[in-house]
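# Observations on the model geometry
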Amino acid sequence: LKPGLKFAFPEPISEVIKIPVQKIQTLTLESFWYFETEQEKLSRSTPRVVVGPLNPLRDGYCLTRNDSETGLAETDYNIVHSRWSITYKIKSPVAFFETIYMRQRNPGEDFLDAAVDTVEPLLNSLAANAIVSTMVNYSIDDAVRAKSDIAVDVKNVLQRKLDEIGSGLEIDAVRADRIVWPRQVDEAF
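Below is a short write-up of the structure. Nothing here was measured: the structure is a model prediction, and the numbers come from that model.

Summing up its helical and strand segments, the protein has 5 helices and 4 strands in all. Within the protein, the fraction of its 189 residues that count as buried is 35%. At a minimum sequence separation of 6, the contacts of the protein that also span at least 24 residues come to 73%. When the accessible surface of the protein is split by element, carbon and sulfur atoms take 53% of a total near 12000 Å².

Let us now look at empty space enclosed by the protein. If you walk through the whole model with that rule in mind, you get 2 cavities of 30 Å³ or more. Of the voids in this model, the largest cavity is the one considered here, and its volume is about 50 Å³. When contributions to the lining of the largest cavity are tallied by element, the ones reaching two or more residues are strand 3 (77–90) and helix 3 (111–135). Ranked by residues supplied to the lining of the largest cavity, first place goes to helix 3 with 4 residues. Split by residue class, the lining of the largest cavity holds 8 nonpolar, 1 polar and no charged.

On the surface, Tyr61, Leu63 and Val136 cluster together into a nonpolar patch covering about 210 Å² of accessible area. As for its position among the elements, Val136 is in the loop between helix 3 and helix 4 (140–145). Note on Val136: relative accessible area 30%, which makes it partly exposed.

Trp84, Met135 and Ile179 are the most contacted members of the largest nonpolar core, which totals 39 residues. At the level of secondary structure, the elements contributing two or more residues to this core comprise strand 1 (25–29), strand 3, helix 3, helix 4, helix 5 (147–164) and strand 4 (169–180). At 11 residues, helix 3 tops the list of elements feeding residues into this core. Aside from chain neighbours lying at most four places away, what touches Met135 is Cys62, Leu63, Thr64, Arg65, Val80, Trp84, Ala143, Ile150 and Ile179.

Here we take up the pattern of salt bridges. Evaluated as defined, the whole model comprises 6 salt bridges. Note that Arg83 is salt-bridged to Glu30, the shortest N-O span being 3.8 Å. Of this pair, Arg83 sits in strand 3 while Glu30 sits in the loop between strand 1 and helix 1 (38–42), placing them 53 residues apart in sequence. The salt bridge involving Asp177 is made with Arg175; its shortest N-O contact spans 2.7 Å. Overall, the relative accessible area of 28% leaves Asp177 in the partly exposed class.

Further remarks concern helix 5. Helix length check: helix 5, at 18 residues, gives a terminal C-alpha distance of 26 Å against a target of 26 Å (1.5 Å per residue), a fit within 8%. For helix 5, the complete set of buried residues consists of Ile150, Ala151, Val154, Val157, Leu158, Gln159, Lys161 and Leu162. Residue Gly166 follows helix 5 closely and has a positive phi angle near 65°.

An α-helix turns once per 3.6 residues; consequently, residues spaced three or four apart project the same way. Its 25 residues place the ends of helix 3 34 Å apart at the C-alpha level, agreeing with the 36 Å of an ideal helix rising 1.5 Å per residue. Where helix 3 bends most, at Asp117, the angle is about 40°, and the proline Pro121 comes one to four residues later. For helix 3, every residue scored as buried is listed here: Phe111, Leu112, Ala114, Ala115, Val119, Leu123, Leu126, Ala127, Ala130, Ile131, Thr134 and Met135.

Right, let's get into the packing of helix 3 against helix 5. Orientation of helix 3 relative to helix 5, taken along the N-to-C sense of each, is 130°, at an axis distance of 9 Å. With respect to each other, helix 3 and helix 5 are oriented oblique. Handedness of the crossing formed by helix 3 with helix 5: right-handed. Of the residues in helix 5, those touching helix 3 at Leu123, Leu126, Ala127, Asn129, Ala130, Ile131, Ser133, Thr134 and Met135 are Ile150, Asp153, Val154, Val157, Leu158, Lys161 and Leu162. Counted by class, the contact of helix 3 with helix 5 contains 11 nonpolar, 3 polar and 2 charged residues.

Basis of the calculations
- Residues numbered from 1 in each chain as written.
- Predicted model: local features only at pLDDT ≥ 70, side-chain atom pairs only at ≥ 80, totals over all residues.
- Heavy atoms only, no water.
- Helix = DSSP H or I, 4+ residues; strand = E, 2+ residues; numbered from the N terminus.
- Buried < 20%, exposed > 50% of the residue type's maximum accessible area, 1.4 Å probe, protein only.
- Contact = heavy atoms within 4.5 Å.
- Areas by Shrake-Rupley, 256 points an atom, 1.4 Å probe, with all protein chains shown as cover.
- 1 Å grid on protein atoms, 1.4 Å probe; cavity = no way out; pocket = protein on both sides within 12 Å on 5 of 7 lines; lining within 4 Å.
- Points joined across faces, edges and corners; volume = space filled by probe spheres on them.
- Nonpolar A, V, L, I, M, F, W, Y, C, P; charged D, E, K, R; others polar.
- Patch = residues over 30% accessible without salt bridge, like charges linked within 9 Å, V, L, I, M, F, W, Y side chains within 5 Å.
- Salt bridge = Lys/Arg side-chain N within 4 Å of Asp/Glu carboxyl O.
- Core = buried A, V, L, I, M, F, W, Y, C linked by side-chain atoms within 4.5 Å.
- Expected span 1.5 Å × (residues − 1).
- Bend = angle between axes of the 7 residues up to and from the residue.
- Axes fitted to C-alpha atoms, helices over the stretch in contact; angles between N-to-C directions.
- Parallel < 35°, antiparallel > 145°, perpendicular 65-115°, else oblique.
- Left-handed = near helix turned anticlockwise from the far one by under 90°.

In structure tokens form, the structure reads like this:
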């Protein structure tokens with residue numbers, strides 16, 4: 001309903017749904033990160049020990065453009081591992097409520113707790129697409145040095161995709177927490 005005084009039947013016939021538009025949510029993407037054991041995840045300083053070749057079924061990765069210095073510009077691609085954090089909020093409650101599917105809330109459950117079951121998979125998919133399509137425009141050297149530029153480009157691509165579907169979501173920030181080359185080639189770097 002638009003703002004203003006409205007007459008409605010009492011609950012459960014009419015229901016007031018409050019959508020928290022000021023609350024900023026955080027999503028962490030690790031689908032482009034290499035496999036780590038639980039012990040490695042808990043350790044603050046993870047030793048980059050190689051236990052075998054990169055396994056594409058287990059290790060996440062992303063491709064970058066080949067550096068033009070080799071003479072093979074844009075014909076070969078390099079692998080990087082990356083971790084990302086995305087912060088977002090609901091910009092338009094009407095667009096969000098009309099576009100994004102939400103499961104029925106359990107008694108006492110917060111609106112965003114129910115919405116996260118739909119929003120996070122959607123953002124995961126769109127963000128992964130934005131990351132992949134952005135990273136191929138950077139060389140591996142650019143990727144490991146200029147994380148903030150890449151993050152800005154990813155944010156713009158992701159926001160454009162969210163606006164195209166009329167999601168009502170606004171990306172507050174995209175951060176490349178880490179971008180590193182594969183552990184298997186540490187000596188070369």
